[in-house]
Each structure stands twice: as C-alpha cells, then as structure tokens.
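Per-entry structural report
Read off the chains here:
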Amino acid sequence: KVTSTLLTDLKKAAAVLGVNDLILKSDGTTVTLVVTDKKSPTSNTFSRIVEAESDGTSYEMNFKMENLKILDGNYDVQVSSKGISHFNNADVDLEYFIALEPDSKYNV
C-alpha cells in the first residue's frame, strides 16, 4: 500500500535531492521504498518502510521517478518479477501498469 502522503513525500524528496531512482526493496523481513541515485554510492537517500513484515523474499525493484506520473491517491501496488508493476487506486476506478527498470532483481 502506498498512501497519497507517501507518494507526495517521495516525489518531493527526489526533487530536493536531485535524484531520479526509486527502489522498492525487501530484505526478506522489511519492505522499503528508497529514493536515491543508483549510479552514485555516496548519493543522498530518502527511505520509508512500507511493510514491517514480508514473506521472506528478497528483491530490489527499480523505477524511474519520471515514469511515476500518476494522479495523487492511495494505491495498492503489486510488483511482478517479470518486470511490470500494477498501481490500483484504492479511492477511484483508476489503474496504471508501469514498467520496472531492466536491472531489477528478484530473490537476491
């Protein structure tokens, strides 16, 4: 679940930090959204935990912030290991399918 507030915070952080990568990552127990620059290991980051417990699967699903041009709202998000994500608005009848970046990793 991604709330409207979280989505706004992620967009603002990306603009302030001057970065364009959004990573949905799980270490098997915690799912986190991170705004960063993947090409720079010393890049400033902004992160938020979106789920305290996970199913034990570890992954790093990468998005470009420029691809997340979606209307504000609360979204139920599903991400596939096949490279696609599904954003379904919880408030109105609206959904988006957004491609993941090719360097996304599943079961890392």
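For the structure itself, consult the block above.
Residues numbered from 1 in each chain as written. Predicted model: local features only at pLDDT ≥ 70, side-chain atom pairs only at ≥ 80, totals over all residues. Heavy atoms only, no water.

**Some details on the sheet that holds strand 7 (residues 95-99)**
Cut-off, in case you're wondering: Two strands are said to pair when DSSP picks up at least two bridges between them. The way it works is that DSSP assigns letters per residue, a run of H or I at least four long becomes a helix, a run of E at least two long becomes a strand, and they are numbered from the N terminus. Fitted lines through C-alpha atoms serve as axes, helices being fitted only where they are in contact, and the angles separating the N-to-C directions of these axes extend from 0 to 180 degrees.
Within the open sheet, the three strands sit side by side as 5-6-7. Their pairing is antiparallel. Bordering the open sheet on either side are strand 5 (75-79) and strand 7, each of which pairs with just one other strand. Neighbour-to-neighbour, the strand axes of this sheet turn through a mean angle of 20°, independent of strand direction. Pairing between strand 5 and strand 6 (residues 84-89): five bridges, direction antiparallel.

**What to know about the pattern of salt bridges**
Keep this limit in mind: For this analysis, a salt bridge means a side-chain nitrogen from Lys or Arg found within 4 Å of a carboxyl oxygen belonging to Asp or Glu. Think of it in three bands: with a 1.4 Å probe and only protein chains considered, a residue is buried below 20% of the maximum accessible area for its type, exposed above 50%, and partly exposed in between.
Within the structure shown, the criterion is met by three salt bridges. A salt bridge links lysine 64 to aspartate 21; the nearest nitrogen and oxygen atoms lie 2.8 Å apart. Taken as a pair, lysine 64 in strand 4 (residues 58-64) and aspartate 21 in strand 1 (residues 21-27) lie far apart in primary sequence, 43 residues in all. The exposure class of aspartate 21 is buried, given its relative accessible area of 3%. Lysine 38 is paired through a salt bridge with aspartate 103; the nearest N and O atoms lie 2.8 Å apart. Remark: aspartate 103 occurs in the loop between strand 7 and strand 8 (105-106) and lysine 38 occurs in the loop between strand 2 (31-36) and strand 3 (46-51); sequence separation between them is 65 residues. Using a relative accessible area of 30% as the deciding quantity, one classes lysine 38 as partly exposed. Owing to a relative accessible area of 37%, aspartate 103 belongs among the partly exposed residues under this scheme.

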